[in-house]
There are 4 protein chains.
Amino acid sequence: MAPQGMTKAVMDRAITDALECLRICEETLSYCLHQGGRHVEAEHIKLMVDCAAICRTAAAFMARGSRFNAEISRICAQICQACAVDCAQFSGDEQMMRCAEQCRRCADSCTQMAAVAV
Amino acid sequence: MAPQGMTKAVMDRAITDALECLRICEETLSYCLHQGGRHVEAEHIKLMVDCAAICRTAAAFMARGSRFNAEISRICAQICQACAVDCAQFSGDEQMMRCAEQCRRCADSCTQMAAVAV
Amino acid sequence: MAPQGMTKAVMDRAITDALECLRICEETLSYCLHQGGRHVEAEHIKLMVDCAAICRTAAAFMARGSRFNAEISRICAQICQACAVDCAQFSGDEQMMRCAEQCRRCADSCTQMAAVAV
Amino acid sequence: MAPQGMTKAVMDRAITDALECLRICEETLSYCLHQGGRHVEAEHIKLMVDCAAICRTAAAFMARGSRFNAEISRICAQICQACAVDCAQFSGDEQMMRCAEQCRRCADSCTQMAAVAV
């Protein structure tokens, strides 16, 4: 029932990264809204809302050992990757850089999770 | 365990209104982001994200017959009421008026739910 | 930015079905827990929790016009289909049959959504 | 808009505890379902689902600096406290004890959050 060994280590890492990613995405969402200008471009804000939502969903699926771990990790990785690229465009903005970094880390962890969960 | 009679009718109405409210809040969030200007003011956008989130949470608590129905309905009513007032300021904007109306309806239903759930 | 014509009709239907599906899954979750026995088998309960969660997530993504509509609809259809099959095994149980039927309907709507969203 | 000093420290702690609490509640939900018997009693399972849901919601509200931080922290504390008491009844069960402990910690952090947020 509970995952063992390497799979468990990969899953623990992916859950931790997804929780941290949803946290920084919610913080950065608020940061962007208060910045205004380019930071509140519609597709950018929607992407951060999407990213927080899928990380929240994926973390819960993984933590309860859902049979859909692989599928949910894969789409979580895809959305986090898109969010990382989008945030990375705000070069010189420390908050955006930290968000980009965590999104990239979560994308990597979820990609590994999807690979071992199959 | 399932609620009976009048309580059930009040609960069914509150669940329906909360689901419809989360839907229109997500739609209106996107609408506002594409409008820009006053529609993307930080506190306004955050309030719509809050409203969608609490409606989602409250609908689920009510549908599964949580023992915290009264508490969650009460805070849902409070947030929906604040969102209704905020949206109603955009007079002449049809999308905002429809959002305000549904938020008010959900606030009323949840207030009734909180009253009968006690 | 808002979808037009046929796509909009398909999306409206998919959002309505996902919201109705999360509602009946939460109700049925509670029903199963109170029934006990075969109704509380671990994988069955987890599947209903998964189904409610992905419907909630998918409805929100669709309603705010996320760029990941196709991907989220596809996984929503997959989980709803699995939940429909699982619930359909409880033949003669009216609540389970209604849940199975709505899960199947949501799986169909989300499959159509994924097709037109590409 | 971002909180400062002591308030920020209290909020960071509350977000961390809520995220950790939703994680252990999802894990323990799965654990209970696989245990069966007294662990799958309806009100117990529903309480753990409620607790995971409110922690998820509260963490997001706090991280994006919602104006409803105090209200959401207060109800989160209440539900976590109830879940802690419920889990603590399974004396001698290590997983339940760890869940009880984290729920209690989150209840404390959210109570403090509600106090400083007012």
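Residues numbered from 1 in each chain as written. Chains lettered and ligands numbered in written order. Predicted model: local features only at pLDDT ≥ 70, side-chain atom pairs only at ≥ 80, totals over all residues. Heavy atoms only, no water.

- By the naming in an unreviewed UniProt entry, chain A is Ferredoxin, taken from Micromonospora cremea.

### A few points about the environment of Cys87(A)
Right, so step 1: Structurally, the position occupied by Cys87(A) is in helix α3 (residues 69-88).
Right, so step 2: Measuring from C-alpha to C-alpha, the distance between Cys87(A) and Thr16(A) comes to 21 Å, with 71 residues separating the pair along the chain. (Helix = DSSP H or I, 4+ residues; strand = E, 2+ residues; numbered from the N terminus.)

### Topic: the relation of the copies chain C and chain B
Turning one copy of the chain about an axis and sliding it along that axis gives the other copy, so a rotation and a shift relate them.
Right, so step 1: The transform that puts chain C on chain B rotates by 180 degrees and translates by 0.0 Å along the axis, for an RMSD of 0.0 Å. Expressed as an axis order, the relation between the two copies is that of a two-fold axis. Looking at the rotation axis and the C-alpha trace of chain C, the residue lying nearest is Leu19(C), at 3.3 Å. (Least-squares fit on C-alpha atoms with pLDDT ≥ 70 in both.)

### Observations concerning the environment of Arg56(B)
Right, so step 1: Structurally, the position occupied by Arg56(B) is in helix α2 (residues 42-63).
Right, so step 2: Residues Arg56(B) and Leu19(B) lie 37 residues apart in sequence; the distance between their C-alpha atoms is 6.8 Å.
Right, so step 3: Not counting residues up to four positions away in its chain, the partners in contact with Arg56(B) are Arg56(A), Leu22(B), Glu26(B), Arg56(C) and Ala60(C).
Right, so step 4: Among the polar contacts listed, one links the side chain of Arg56(B) to the side chain of Glu26(B), at a separation of 3.4 Å. (Contact = heavy atoms within 4.5 Å. Polar contact = N/O pair within 3.5 Å; in protein donor to acceptor, adjacent residues only side chain to side chain.)

### Focus on the packing of helix α1 (residues 5-35) of chain C against helix α4 (residues 94-117) of chain C
All names here are of chain C.
Right, so step 1: Viewed as axis vectors pointing N to C, α1 and α4 meet at an angle of 150 degrees, and their least axial separation amounts to 8 Å. The angle between the axes of α1 and α4 places the two elements in the roughly antiparallel class. Crossing of α1 against α4: the hand is left-handed.
Right, so step 2: Class assignment for the residues of the contact of α1 with α4 results in 16 nonpolar, six polar and six charged. (Axes fitted to C-alpha atoms, helices over the stretch in contact; angles between N-to-C directions. Parallel < 35°, antiparallel > 145°, perpendicular 65-115°, else oblique. Left-handed = near helix turned anticlockwise from the far one by under 90°. Nonpolar A, V, L, I, M, F, W, Y, C, P; charged D, E, K, R; others polar.)

### What about the relation of the copies chain B and chain D?
Right, so step 1: Expressed as a screw operation, the relation of chain B to chain D combines 0.0 Å of axial shift with a rotation of 180 degrees, fitting to an RMSD of 0.0 Å.
Right, so step 2: A high fraction, 100%, of the interface residues of chain B reappear at the interface in chain D, so the copies pair face to face through one surface.

### Examining empty space enclosed by the protein
Right, so step 1: Evaluation of the coordinates by the stated rule reveals two cavities of 30 Å³ or more.
Right, so step 2: The calculated volume of the largest cavity comes to roughly 420 Å³.
Right, so step 3: Along its surface, the largest cavity is lined by 30 residues, and Arg56(A), Arg56(B), Ala53(C), Arg56(C) and Arg56(D) are the ones closest to its centre.
Right, so step 4: Those elements that place two or more of their residues in the lining of the largest cavity are α2 (42-63) of chain A, α2 of chain B, α1 and α2 (42-63) of chain C together with α1 (5-35) and α2 (42-63) of chain D.
Right, so step 5: Looking at the lining of the largest cavity, its residues break down into 17 nonpolar, four polar and nine charged.
Right, so step 6: Its volume calculated, the second largest cavity comes out at about 140 Å³.
Right, so step 7: In terms of lining, the second largest cavity is formed by 17 residues, of which the most central are Glu26(A), Val49(A), Arg56(A), Val49(B) and Arg56(B).
Right, so step 8: Breaking the lining of the second largest cavity down by element, the ones donating at least two residues are α1 (5-35) and α2 of chain A together with α1 (5-35) and α2 of chain B. (1 Å grid on protein atoms, 1.4 Å probe; cavity = no way out; pocket = protein on both sides within 12 Å on 5 of 7 lines; lining within 4 Å. Points joined across faces, edges and corners; volume = space filled by probe spheres on them.)

### Structural notes on α2(D)
Residue and element names in this part refer to chain D.
Right, so step 1: The end-to-end C-alpha distance of α2, which contains 22 residues, comes to 32 Å, matching closely the 32 Å that a straight helix rising 1.5 Å per residue would cover.
Right, so step 2: With 21 of 22 residues buried, α2 is to be regarded as a mostly interior element.
Right, so step 3: Taken from the residues just after α2, Gly 65 is the one with a positive phi, measuring 65 degrees. (Expected span 1.5 Å × (residues − 1). Buried < 20%, exposed > 50% of the residue type's maximum accessible area, 1.4 Å probe, protein only.)

### Regarding the interface of chain C and chain B
Right, so step 1: Residue-level contacts link 16 residues of chain C with 16 residues of chain B.
Right, so step 2: Buried area between chain C and chain B, summed over both chains or domains, comes out near 1500 Å², and the portion from carbon and sulfur atoms is 63%.
Right, so step 3: Its largest share of buried area at the contact with chain B, chain C owes to Leu19(C), Arg23(C) and Arg64(C), together 35% of the area lost on that side.
Right, so step 4: Of the charged contacts in the structure, one is a salt bridge between Asp12(B) and Arg23(C), with a shortest N-O distance of 3.9 Å.
Right, so step 5: Inspection of the region where chain C meets chain B yields eight residue pairs in polar contact (both at pLDDT 80 or more).
Right, so step 6: Counting only elements with at least two residues in the side of chain C that touches chain B, the list comes to α1 and α2 of chain C.
Right, so step 7: Considering each element in turn, the side of chain C that touches chain B owes the most residues, eleven residues, to α1(C). (Buried area = accessible area lost by both parts, 1.4 Å probe. Salt bridge = Lys/Arg side-chain N within 4 Å of Asp/Glu carboxyl O.)

### Things to note about the interface of chain B and chain D
Right, so step 1: Counting residues at the interface gives 21 residues for chain B, matched by 21 residues for chain D.
Right, so step 2: Roughly 2000 Å² of surface becomes buried between chain B and chain D when both sides are summed, with 60% attributable to carbon and sulfur atoms.
Right, so step 3: The three residues of chain B that bury the most area against chain D are Arg64(B), Arg67(B) and Phe68(B), which together make up 28% of that side's buried surface.
Right, so step 4: Across the chain B-chain D interface, the total number found is two salt bridges.
Right, so step 5: In this structure, Arg64(B) and Asp50(D) form a salt bridge, with 2.8 Å as the shortest nitrogen-oxygen distance.
Right, so step 6: Linking chain B with chain D are 13 residue pairs in polar contact (both at pLDDT 80 or more).
Right, so step 7: For the side of chain B that touches chain D, the secondary-structure elements that each account for two or more residues are α2 and α3 (69-88) of chain B.

### Re the pattern of salt bridges
All names here are of chain D.
Right, so step 1: Going through the model one piece at a time under the given rule, you end up with 36 salt bridges over all chains.
Right, so step 2: One salt bridge connects Asp 17 with Arg 13, and the closest N-O pair in it is separated by 3.2 Å. Residue Asp 17 and its partner Arg 13 are located together in helix α1, separated by four residues, close to a single helical turn.
Right, so step 3: With relative accessibility at 3%, the residue Asp 17 sits in the buried group.
Right, so step 4: With relative accessibility at 46%, the residue Arg 13 sits in the partly exposed group.

### Some points on the packing of helix α3 (residues 69-88) of chain D against helix α4 (residues 94-117) of chain D
Residue and element names in this part refer to chain D.
Right, so step 1: It is at 7 Å that the axes of α3 and α4 come closest, and there the two elements cross at 155 degrees. By the criterion of interaxial angle, the relationship of α3 to α4 is roughly antiparallel. Once α3 is placed against α4, the crossing between them reads as left-handed.

### Some thoughts on the packing of aromatic side chains
Right, so step 1: With the rule as written, the count across this model stands at zero aromatic pairs over all chains.
Right, so step 2: Of note, Arg64(A) hangs over the ring of Phe61(A), and the distance from its end group to the ring centre comes to 4.8 Å. (Phe/Tyr/Trp six-rings, centres within 6.5 Å; stacked < 30°, edge-to-face > 60°. Lys NZ or Arg CZ within 6 Å of the ring centre and 35° of its normal.)

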